[in-house]
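# Breakdown of the fold
Okay, here's what each chain looks like letter by letter:
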Amino acid sequence: MWTPSQAHEGRPPCRPQTQWKTHSAQRFGLRGRDGARPSMYEVRNVAAGAAPGLRVVRGRDGTNSTAVAIWLPHPRVVRQPDESASRLPFRVCLGDGPGLRSAPKTSMPRTLVKAALHAASAMDAIHLQGWVRTRRDAKGFSFIEINDGSSLKGIQVIADASLPNYATEIARTHTGASIEVHGKLVPSKGQGQQWEVVAESFTIIGEADATYPLQKKGHTLEFLREIAHLRPRSNLFGAVFRVRSRLAFAIHQFFQERGFVYVHTPIITASDCEGAGELFRVTTLDPVRPPLTPEGAVDFAKDFFGKKAYLTVSGQLEAEIFASALSNVYTFGPTFRAENSNTSRHAAEFWMIEPEMAFCDLEGNMTLAEQFVKHLIRDAREHCAADLEFFAKFVDKELLTRLDFVLERPFQRCSYAEAIDVLGKCGRNWEHPVKWGDNLQSEHERFLAEEHFKCPVTVYNYPRTLKPFYMRVNDDGKTVCAMDLLVPGIGEIIGGSQREERLEVLREAMAHHQLSEKDYWWYLDLRRFGTVPHAGFGLGFERMLMFITGVSNIRDVIPFARTPGSADF
RNA sequence: UGCCCGGUAGCUCAGUGGCAGAGCAGGUGACUGUUAAUCACUUGGUCGCUGGUUCGAUCCCAGCCCGGGCAGCCA
């Protein structure tokens, strides 16, 4: 967005922007209904005589006394001499929408680049807004590619040298500038695209100078991570975040179509024993001089919640409550783990989907997980085709064949005992020895999914000693109804289980894990009153996104990654 | 947290115990319905930081900072 300082720096003195800037809200003495100056206006130019065009737009930020008007120029207005421009009468009306989109009906609506590219026929009038990806000059005109994020592909705009601001602005436009174009959509005379736009007016909304970090050439992902505020404007990250959005939608669609109820489980929790790793503490106590107990310990009874509180590591226990009432539920929200994990597939803040189903056993749980994963892949294949093809071309050549292969085949299922057997007999020299009772290591999981089964595989019935207290104990007394879904390239993407619904067995398990029944009285109550067999799992949203896009680092599928030592932006 | 690799122009990277290099980006010019356009010329440097060795360190050594990979923990 334009700021006053940017408006003055490095510009010729008599640019239209500078003149139009004087038509600020203050000059007109605008006041909103509450007496405050509005932060946004729409100004309609009446005197210019042309079809009324929306002219304004964004005002001040509330403290700065100088309003900045970013305007949508009409060609006839732009050509006004600067002196007269400042005297043009305006009719001003307050707008309440988010900027340019609140244009009145008399203004030409904005067309997204995606829609323009898929136009069925030529258009006499089109209005585009977006950011310059590249400019190529020809004799007498320039090619300017605009992208507005609506699609991977941008649209080519032809800006003729006869445009009034060609020499002063258009020919100096750099990659990254935000611009606005009015013109015609016509069949392209060149190769490589069906449509292009011949500009009748071309306005720079916000210049980007030569220091704009994104170039037309490829950048490393490490560099782009350092400019996370600009990387969504790159091809790769635009595609990643479009897919992320679509995937979030598909998740809701999957569950809603099946009658699952969306539950918002708390983000702040006071149970510190959920069994899923280190927690972030939430506190309002003074870190330097906290209140102390008579014994000299920090007195958390004086903290905000009257006890220790944390950010959630899982919504499962609360989801079980709701499944015990609404039958089938799911959560989808942020999750926090304070582990010092420095890998390409761990983040301190990530999003997790946790369905929980009453009257459901491990078998049903595994079946749902498979249907769920396949639904997400199928949805992305169908609705994000262009973006996935981009990933297949530049990120992972095998992506599409792998996704299609996963869609076509049933997932393999393999008990932990069978897995140990397979790993022990395959003749490999494992870095970590394979032994019943030990965790499957990364190398083991990868071997199962990538080499032995060559497809997603669900490993189930793990040794009781490896898993948390709430998992249902099998009849053998040694294993629990746990399941992990392993996928090629990522490893574990889902972890879940059938929950222990028998009160006495659960109490024994809690005692064994040294958990206090007092802290979990409500969890035990679920087994006292109308208990049912139930099951659920957790899917790491970012890991699913990694699998679907082929992007190999979790930091590149989340807008602003939080990892140990890093919480920028 | 452990092990390993890296840090040189805005970006991607070469390089050397003795004047700091290329491609791209930026600038100037030429050419052109171009597609990461092309061609010529050109601006641009705390060689991560601190200390040490040395006549001399971007280079060798130590410590630190930052980034990445792998492992553990997990989703």
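Residues numbered from 1 in each chain as written. Chains lettered and ligands numbered in written order. Predicted model: local features only at pLDDT ≥ 70, side-chain atom pairs only at ≥ 80, totals over all residues. Heavy atoms only, no water.

### Observations concerning the overall build of chain A
For chain A, the count of helices and strands is 16 helices and 18 strands. Within chain A, the proportion of its 569 residues that are buried is 50%. Expressed as a percentage of contacts within chain A between residues at least 6 apart in sequence, the contacts between residues at least 24 apart total 66%. Accessible surface computed for chain A: about 27600 Å², of which carbon and sulfur atoms make up 53%. (Helix = DSSP H or I, 4+ residues; strand = E, 2+ residues; numbered from the N terminus. Buried < 20%, exposed > 50% of the residue type's maximum accessible area, 1.4 Å probe, protein only. Contact = heavy atoms within 4.5 Å. Areas by Shrake-Rupley, 256 points an atom, 1.4 Å probe, with all protein chains shown as cover.)

### Here we look at the pairing of strand E16 (residues 479-487)
A regular strand places its side chains on the two faces of the sheet in alternate fashion. Most of E16 sits out of view: 9 of its 9 residues are buried. Across 6 bridges, strand E15 (residues 457-463) lies against E16 in antiparallel orientation. Within E16, the position partnered with valine 457 by the bridge is leucine 486. Where E16 folds back onto strand E17 (residues 491-498) in an antiparallel hairpin, the turn is made up of 3 residues, including glycine 489, whose phi is positive at roughly 90°. (Pairing = 2+ DSSP bridges.)

### Topic: the protein's contact with RNA strand B
Around RNA strand B sit 52 residues in total, of which Gln191, Glu196, Asn340, His346 and Arg543 are the nearest. Each atom of RNA strand B within 4 Å of the protein belongs either to a base or to sugar and phosphate, the latter forming 48%. A distance of 3.4 Å separates a sugar or linking oxygen of RNA strand B from a polar atom in the backbone of glycine 538. Mapped by element, the contributors of at least two residues to the surface near RNA strand B are strand E3 (123-138), strand E4 (141-147), strand E5 (155-160), helix H6 (221-226), strand E13 (349-358), E17 and strand E18 (534-540). In the surface near RNA strand B, the residues fall into 12 nonpolar, 25 polar and 15 charged. (Near = heavy atom within 4 Å. Polar contact = N/O pair within 3.5 Å; in protein donor to acceptor, adjacent residues only side chain to side chain. Nonpolar A, V, L, I, M, F, W, Y, C, P; charged D, E, K, R; others polar.)

### Considering the sheet that holds E3
One closed barrel holds the 5 strands; their spatial order is E3-E4-E5-E7-E6, and the pairing between them is mixed. Across this sheet, the average inter-strand angle for adjacent strands is 50°, counted without regard to direction. In this sheet, E5 lies alongside E4 in antiparallel orientation, the contact comprising 6 bridges. Each residue of the ladder has a partner; that of glutamate 145, found in E5, is glutamine 156. (Axes fitted to C-alpha atoms, helices over the stretch in contact; angles between N-to-C directions.)

### Focus: the packing of helix H8 (residues 316-326) against helix H15 (residues 521-528)
Two numbers describe a pair of packed helices, the interaxial angle and the distance between the axes. Contact pair H8 / H15: the axes reach a minimum separation of 11 Å and the direction vectors enclose 30°. In terms of their interaxial angle, H8 and H15 are classed as roughly parallel. Crossing of H8 over H15 shows left-handed handedness. Only Trp522, Tyr523, Leu526 and Arg527 of H15 make contact with H8, whose side of the interface consists of Gln316, Leu317, Glu320, Ile321 and Ser324. Among the residues forming the contact of H8 with H15, the class breakdown is 5 nonpolar, 2 polar and 2 charged. (Parallel < 35°, antiparallel > 145°, perpendicular 65-115°, else oblique. Left-handed = near helix turned anticlockwise from the far one by under 90°.)

### Details of the environment of threonine 211
Residue placement: threonine 211 occurs in the loop between strand E7 (195-206) and H6. In the structure, threonine 211 is positioned 37 residues away from histidine 174 in sequence and 9.7 Å away in space, judged by C-alpha atoms. Among the polar contacts listed, one links the side chain of threonine 211 to the side chain of aspartate 209, at a separation of 2.4 Å.

### Examining the pattern of salt bridges
Oppositely charged side chains may form a pair once their charged atoms are brought near each other. Counting across every chain of the model gives 27 salt bridges. The partner of arginine 413 in a salt bridge is glutamate 363, and the shortest N-O contact between them spans 3.2 Å. Here arginine 413, found in strand E14 (residues 412-415), pairs with glutamate 363, found in helix H9 (residues 362-383); they are 50 residues apart in sequence, far enough to count as distant. You can call arginine 413 partly exposed: its relative accessible area is 28%. According to the relative accessible area criterion, glutamate 363 is partly exposed, its value standing at 47%. Notably, a salt bridge pairs arginine 528 with aspartate 525, separated by 3.1 Å at the nearest N-O pair. On the criterion of helical spacing, the pair formed by arginine 528 and aspartate 525 is a turn pair, its members being 3 residues apart in helix H15. Exposure remark for arginine 528: the relative accessible area of 39% places this residue in the partly exposed category. Several salt bridges converge on common partners, so that one network encompasses Glu363, Glu370, Lys374 and Arg413. (Salt bridge = Lys/Arg side-chain N within 4 Å of Asp/Glu carboxyl O.)

### A short note on H9
Between its terminal C-alpha atoms H9 stretches 31 Å, which fits the 32 Å expected from 22 residues at 1.5 Å a residue. Of the residues flanking the start of H9, the one acting as N-cap is aspartate 361, its side-chain oxygen 3.2 Å from the backbone nitrogen of glutamate 363. (Expected span 1.5 Å × (residues − 1).)

### Digging into the side chain of glutamine 156
Its place among the elements puts glutamine 156 in strand E5. A distance of 3.2 Å separates a polar atom in the side chain of glutamine 156 from a polar atom in the side chain of arginine 136. At 3.2 Å, the side chain of glutamine 156 forms a polar contact with the side chain of glutamate 196. In this view, glutamine 156 contacts Arg136, Phe143, Ile144, Glu145, Gln193, Glu196 and Val197; residues no more than four positions away in its chain are not counted.

### Re the sheet that holds strand E11 (residues 309-311)
Each strand in a sheet pairs with another by means of backbone hydrogen bonds, the pair being arranged parallel or else antiparallel. Read across the open sheet, the 3 strands follow the order E9-E11-E10; overall the sheet is antiparallel. What marks the edges here is a single partner per strand, and that holds for strand E9 (268-269) and strand E10 (281-282). Of the pairings in the sheet, the one linking E10 to E11 comprises 2 bridges and is antiparallel in character. When the sheet's bridge partners are listed, valine 282 is paired in E11 with alanine 309.

### Quick notes on the packing of aromatic side chains
This structure, assessed with the given rule, holds 23 aromatic pairs. Taking 5.6 Å as the distance between ring centres and 80° as the angle between the ring planes, the aromatic pair formed by phenylalanine 332 and tryptophan 351 counts as edge-to-face. With phenylalanine 332 in strand E12 (residues 328-336) and tryptophan 351 in strand E13, this residue pair connects regions lying 19 residues apart in the sequence. Tryptophan 351 sits in the partly exposed class, given a relative accessible area of 30%. With 6.2 Å between their ring centres and 40° between their planes, phenylalanine 372 and phenylalanine 537 make a pair best called tilted. On the criterion of sequence distance, the pair formed by phenylalanine 372 in helix H9 and phenylalanine 537 in strand E18 is long-range, its members being 165 residues apart. Site record: aromatic cluster; members linked through ring pairs are Phe254, Phe255, Phe260, Tyr262, Tyr330, Phe372 and Phe537. One cation-aromatic arrangement involves lysine 478 over tryptophan 436; the distance from NZ or CZ to the ring centre is 5.1 Å. In this structure, arginine 527 packs its charged tip against the face of tyrosine 523, placed 4.0 Å from the ring centre. (Phe/Tyr/Trp six-rings, centres within 6.5 Å; stacked < 30°, edge-to-face > 60°. Lys NZ or Arg CZ within 6 Å of the ring centre and 35° of its normal.)

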